[in-house]
Each structure stands twice: as C-alpha cells, then as structure tokens.
Amino acid sequence: MSENWKPATKLVHAGTRRSQYGETSEAIFLTQGFVYDSAEQAEARFIEAGADEFIYARYGNPTVAMFEERIAALEGAEDAFATASGMAAVNGALMSLLRAGDHVVSSRALFGSCLYILEDILPRYGVEVSFVEGTDLQAWRDAIRPDTKAVFFESISNPTLDVIDIRAVSEMAHAVGAVVVADNVFATPVFQRSLELGADVVIYSATKHIDGQGRCLGGVVLGTTEFVRKTLEPYMKHTGGALSPFNAWVMLKGLETLALRCTAQAAGALALADRLAGHGRLERVLYPTHDAHPQAALARAQMTAGGTVLALDIKGGKEAAFRFLNALRIIRMSNNLGDAKSLVTHPATTTHQRLAPETRAALGITDGLVRVSVGLEDPEDLIADIETALDAV
Ligand SMILES: *Cc1c(COP(=O)(O)O)cnc(C)c1O
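Residues numbered from 1 in each chain as written. Predicted model: local features only at pLDDT ≥ 70, side-chain atom pairs only at ≥ 80, totals over all residues. Heavy atoms only, no water.

Trainee: Even after reading the chapter, I still don't get the packing of helix H13 (residues 317-327) against helix H15 (residues 379-392), so can you show me in this structure?
Mentor: A packed helix pair is summarised by two numbers, namely the angle formed by the two axes and the spacing between the axes. Closest axis-to-axis distance for the H13/H15 pair is 8 Å, and the angle between their directions is 135°. Looking at the two axes, H13 sits oblique to H15. H13 and H15 meet at a crossing whose hand is right-handed. Residues Arg-323, Phe-324 and Ala-327 of H13 pack against Ile-386, Ala-389, Leu-390 and Ala-392 of H15. Counted by class, the contact of H13 with H15 contains 6 nonpolar, no polar and 1 charged residues. (Axes fitted to C-alpha atoms, helices over the stretch in contact; angles between N-to-C directions. Helix = DSSP H or I, 4+ residues; strand = E, 2+ residues; numbered from the N terminus. Parallel < 35°, antiparallel > 145°, perpendicular 65-115°, else oblique. Left-handed = near helix turned anticlockwise from the far one by under 90°. Contact = heavy atoms within 4.5 Å. Nonpolar A, V, L, I, M, F, W, Y, C, P; charged D, E, K, R; others polar.)

Put into structure tokens, the structure is as follows:
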C-alpha cells in the first residue's frame, strides 16, 4: 500500500502498527521478550516467525520493526535491519558479507571509524582492502578486480564533501559481481535515491538527521530481503547490535519531520555557501551543489539538494581556525551533525586527528578546514555569527 505513497506520506504513515488500543502515536514496546500462548506456538515461531511475531528484542521488536519498515519505504528498499548505531550498521553490513580471502575496494575519504573497520579490522580477518581516491573513476577501474567482493564508499565524504559517482562506480562493481555498499549519511535519504543509482546496500547513522535533535544513537542497513534476512540478520541477531526500542521510537518520530528539517537545513547551508563564497578570510567554501564545488554538476545530477553540511577553509591554518571557532556564539562546537542546532568541528584536531599529516593533506583536510552542520536556526543569524567570527580571526 505504502508503495504508491509520496515520500512525505510514507514518512508519517509507513510501517505503523497499532495495538488493540488504537493509539495515534506509535507505541514504545519497551520489552525484551514476548510470551507465547502455547508450547506449540513457541516451537512454530522458532521455526519461522511471521511479520508480526517476535521472539527476543535482539532479533526484532514491534517498535523497531515500525522504524525499519518506514525507512525502507522511504528508501525504496525491500527490507531493512535497524542497528544500535551507525557504526554497528557499517560493521554488520561488511562483516556479514565478507570472509577471509575476499577483496574490497573502498574510497579513502572516510569517517574515522569507517576507516578503522576497513583499514584495521577487516585485514585482521584476512580481507584485503584497496583504497582509492573516490572521485577518480580511473582509480576505481584499476582497483576493482574479477575477485572483488564489495565496494564501499561514503556517497558524500566527511569532511571535504567529495561526491562519489554512484552510477559509474556501481556499474564497474556489478560488472565483476561485487556488492555496492554506500554509507549515505551526508546525502540523507531525502536528497538521494542511492538504490536507484546502483547501490545494493545503503547505510545510515540514524544518530544524525533521522534523530535530528541529538538525542539517541541508532543506525540502519537497507537492501534486498535476500541480503537483509539471509546475510545480515543472522550476523546482527547473534552479535548483539540491535537498536533499542526506545531509540527506535525516537527515530520513528524523527522520520515524521525528516524531510521538512533536511529541506530547511539544506536551504540554510546553501544560503551560507552563497554568502560566504569569495569571503576574503576563506580559502575555499565547499558545498556539494554550489558552483564553487569541483563536482557541483555531479552533485546536482545525483541529489535534489546538497545536504546540510558545508566546509569552510579558513586562511591562516590552525591558529586562525581556532580563533574563528572560539568566537562563534550561536554555532556550537560538537562533532555530531544533522542536528537542529548548528554545529561546527575542526577535523584536523578532532575526528581526523589520528591520521598522519600527509594523509590529511592528501584528503584535503587542511589545518584551516572547519565543518559546519547547519541546523534549523534562521540562516541570517548563522551568517552573522560566522561573519563576526571571521572578523575576529
Ligand atoms: C556518524 C557517522 C557514522 C557513524 O554513526 P554512529 O551513529 O555515530 O555510530 C558513520 N558514517 C558516517 C558518514 C557518519 O557521519
């Protein structure tokens, strides 16, 4: 039924399960277990649980199922499995898919924890990982081999906002039968149809835009029913990365306002990019769909808006960046993103501190770079905050 609904309708109604009380707002089923009416029923459920039959919250829960169905309907995915965090989703998708001897190609510009899984954890279990410059299609072509099992990328990278050509990379991967796993956090499910572009598995940290108010950790993996039920679910349900029912409820309610929030925040981010481009104290302003971004045309072809994050490269390196950060009044320093509150981080000294200086330089993470996650404040106030702080540099 929800297949024919427009996205805004799906965000409010898809996946709703009402109890016998007919509650308007989704119930939080804060329960680990479920009682059986008979021994026969318990036996039958362990053989095969129906869509509305639950066994244990590590496997599934009605509130979690509502969240999974709603996000799957929005994404246009056959199925979804909700996880305790975005990293539980990345780890679950990759660990359930891969085994010793497999080869993976990944873009190098990754969120620090994603890089840790691909660079440190997977090789420990005999998985070979080749890293490429994600914006270089020839590099993908050279690295993908007949035995490549999966490719992994952040469709918009953190923090430099590189845009991956999902269609082109997916075609190369599919030519050798590799599974395309896309971390789509920055693009959001509102602005990009990753599965239609060619991704097979899509991952979100729900902690970001889906919660959208900085409260709970959560994540989700979306894909075919075959992948989710046969490959992912056995791994997740036996390793304990399940989303808590309470957090699922927060995410479910977050979905209801997701499109409204993301649209307003992206409009704010674009307004900031427009106003700040060419500012005398800035080396670069990066926002995926803004003319000044080297891949603006690709971003516009792939996304209906550039997301809620922009990056500013402040002239004068770390010292200037710190003076700027310390002078901000509305935009607060924190490494979360997608929040209703605008947040700013200095990747070189926080999220990407672990990387060698040469690696940071290769990724374009200069000492002057700050990442701004635009919230729901009035963009005029945010621009004034940034301009005043730039004056203080
Ligand atoms: C935040 C983030 C993650 C991890 O999500 P958590 O919910 O913090 O575990 C993964 N990928 C990207 C791109 C992120 O921004």
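From this point, things continue past the structure.
Trainee: Teacher, can you tell me more about a nonpolar patch on the surface here?
Mentor: Taken together, the side chains of Ile-28, Leu-30 and Phe-246 present a nonpolar region at the surface, about 280 Å² in accessible area. Tracing the chain through its elements places Ile-28 in the loop between helix H1 (7-13) and helix H2 (39-47). (Patch = residues over 30% accessible without salt bridge, like charges linked within 9 Å, V, L, I, M, F, W, Y side chains within 5 Å. Areas by Shrake-Rupley, 256 points an atom, 1.4 Å probe, with all protein chains shown as cover. Salt bridge = Lys/Arg side-chain N within 4 Å of Asp/Glu carboxyl O.)

Trainee: Just checking my understanding: could you explain the layout of surface pockets for this structure?
Mentor: Volume-wise, the largest pocket comes out at about 1,000 Å³. At 6 residues, the largest contribution of residues to the lining of the largest pocket is made by helix H3 (residues 62-75). Of the residues belonging to the lining of the largest pocket, the class tally is 15 nonpolar, 7 polar and 13 charged. The computed volume of the second largest pocket comes to approximately 360 Å³. Lining the second largest pocket are 21 residues, with Met-87, Phe-111, Ser-113, Ser-205 and Lys-208 sitting closest to its centre. A per-class count over the lining of the second largest pocket returns 8 nonpolar, 10 polar and 3 charged. When residues are assigned to domains, the lining of the second largest pocket turns out to be shared by domain 1 (2-256) and domain 2 (258-392), each giving three or more. (1 Å grid on protein atoms, 1.4 Å probe; cavity = no way out; pocket = protein on both sides within 12 Å on 5 of 7 lines; lining within 4 Å. Points joined across faces, edges and corners; volume = space filled by probe spheres on them. Domains from an automatic or database assignment.)

Trainee: How should the nonpolar core be read in this particular structure?
Mentor: Side chains that are nonpolar tend, in soluble globular proteins, to be buried together. Ranked by size, the top nonpolar core spans 72 residues in total, and within it Phe-67, Trp-140, Leu-310, Leu-312 and Phe-324 carry the most contacts. It is helix H11 (residues 245-276) that contributes the most residues to this core, 12 residues altogether. Residues from two domains meet in this core; each of domain 1 (2-256) and domain 2 (258-392) gives at least three. Ranked by size, the runner-up nonpolar core spans 47 residues in total, among them Ile-117, Phe-131, Ala-150 and Ile-365. (Core = buried A, V, L, I, M, F, W, Y, C linked by side-chain atoms within 4.5 Å. Buried < 20%, exposed > 50% of the residue type's maximum accessible area, 1.4 Å probe, protein only.)

Trainee: Would you mind showing me how to read the environment of Val-35 here?
Mentor: Position of Val-35 relative to the elements: it lies in the loop between H1 and H2. Residue Val-35 is classed as exposed on the basis of its relative accessible area of 77%.

Trainee: I tried to follow the pattern of salt bridges on my own but got confused; where do I start?
Mentor: For side chains of opposite charge, pairing can occur when their charged atoms come near one another. If you walk through the whole model with that rule in mind, you get 19 salt bridges. Across the salt bridge formed by Glu-26 and Lys-253, the nearest N and O atoms sit 2.7 Å from each other. Taken as a pair, Glu-26 in the loop between H1 and H2 and Lys-253 in helix H11 lie far apart in primary sequence, 227 residues in all. Look at Lys-253 and you get partly exposed, because its relative accessible area is 23%. The shortest N-O distance in the salt bridge between Arg-323 and Glu-319 comes to 3.6 Å. Placement of both Arg-323 and Glu-319 in helix H13 is noted, with a separation of 4 residues, approximately one turn of the helix. Since its relative accessible area comes to 39%, Arg-323 is described here as partly exposed. Given a relative accessible area of 59%, Glu-319 falls into the exposed group.

Trainee: Quick question: what am I supposed to make of the sheet that holds strand E4 (residues 148-154) here?
Mentor: As a general point, the strands of a sheet are linked pairwise by backbone hydrogen bonds and lie either parallel or antiparallel. Taken in spatial order, the 7 strands make up an open sheet running E1-E7-E6-E5-E4-E2-E3, and their pairing is mixed. Single-partner strands in this sheet number two, and they are strand E1 (79-83) and strand E3 (128-132). Going from strand to strand, the sheet's axes swing by 20° on average, the running direction of each strand aside. In this structure, E1 lies alongside strand E7 (residues 219-223), joined through 5 bridges in antiparallel fashion. By the bridge assignment, Ala-82 is partnered in E7 with Val-220. Lying on the sheet, H3 is in contact with E1, strand E6 (201-205) and E7; it crosses E1 at an angle near 130°. (Pairing = 2+ DSSP bridges.)

Trainee: Looking at this structure, how should I read the domain arrangement of the protein chain?
Mentor: By a frequent convention, interface size equals the accessible area lost on bringing the separate parts together. Along its sequence, the protein chain is carved into domain 1 (2-256) and domain 2 (258-392). On the domain 2 side, the residues contacting the 41 residues of domain 1 number 36 residues. In total, domain 1 and domain 2 occlude about 3,000 Å² of area from one another, counting both sides; carbon and sulfur atoms represent 63% of this. It is Pro-159, Phe-191 and His-209 that lose the most area in domain 1 upon contact with domain 2, and together they represent 24% of the buried surface on that side. At the boundary of domain 1 and domain 2, one finds 0 salt bridges. For the pair domain 1 and domain 2, the interface holds 14 residue pairs in polar contact (both at pLDDT 80 or more). Looking at the side of domain 1 that touches domain 2, the elements that each hand over two or more residues are helix H5 (112-124), helix H7 (166-175), helix H8 (188-191) and H11. (Buried area = accessible area lost by both parts, 1.4 Å probe. Polar contact = N/O pair within 3.5 Å; in protein donor to acceptor, adjacent residues only side chain to side chain.)

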